[in-house]
Amino acid sequence: MSTETELLLSSLNSQREHVLGILEGLPDTDLRRAVLPSGWTCLGLVQHLALDVERFWFRSVLTGEQVELASDDGAWQVGPDVPAADVLSLYRREADFFGTWRLENLRAIILHVITETATHAGHLDAARELIDGRTWLILT
């Protein structure tokens, strides 16, 4: 693996850790609570990252695998009967899928996923701070 690929994957993995880390310790009710006017929930955002970002870009685009993708904004909606642990586990599984694929577009795909993940990690920071005051860089 090239140094550039290692650096890109390190950056991506840091953002993935941020997404999961900022949510650590939140009770189910807060994971499902919309705190911004747009109405999304922390759990819905993680499901979006798992299905629309990780699964779509790495499994579907990069490898050409035929995978089930969310329809419209369906990934953002988590049913009340879906355990939070299942959504977080789905994100971990999709993030772990990537492995050592090497294709011509790999760099562009990794950069796109880093950007999308970092953006949403910031959204989760804002939501978590509104919920209980905790922030990622300064754990309060």
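Source: prediction; values computed, not measured.

Draft legend 1. Spotlight on the side chain of Thr41. Mapped onto the secondary structure, Thr41 falls in the loop between α2 (28–31) and α3 (42–62). Among the residues examined, Thr41 registers a relative accessible area of 14% and is labelled buried. A distance of 2.9 Å separates the side chain of Thr41 from the backbone nitrogen of Gly44, its partner in a polar contact. Not counting chain neighbours up to four residues away, the residues in contact with Thr41 comprise Leu31, Arg32, Arg33 and Ala34.

Draft legend 2. View of the pattern of salt bridges. For the coordinates displayed, the defined rule picks out eight salt bridges. The salt bridge partner of Glu94 is Arg55, with a shortest N-O separation of 2.8 Å. Residue Glu94 is located in helix α4 (residues 84–97), and its partner Arg55 is located in helix α3; the two are separated by 39 residues in the primary sequence. In this structure Glu94 comes out as buried when scored by relative accessible area, which is 4%. Each of Arg55, Arg59, Glu65 and Glu94 takes part in a single network of salt bridges with overlapping partners.

Rules of the game
- Residues numbered from 1 in each chain as written.
- Predicted model: local features only at pLDDT ≥ 70, side-chain atom pairs only at ≥ 80, totals over all residues.
- Heavy atoms only, no water.
- Helix = DSSP H or I, 4+ residues; strand = E, 2+ residues; numbered from the N terminus.
- Buried < 20%, exposed > 50% of the residue type's maximum accessible area, 1.4 Å probe, protein only.
- Polar contact = N/O pair within 3.5 Å; in protein donor to acceptor, adjacent residues only side chain to side chain.
- Contact = heavy atoms within 4.5 Å.
- Salt bridge = Lys/Arg side-chain N within 4 Å of Asp/Glu carboxyl O.

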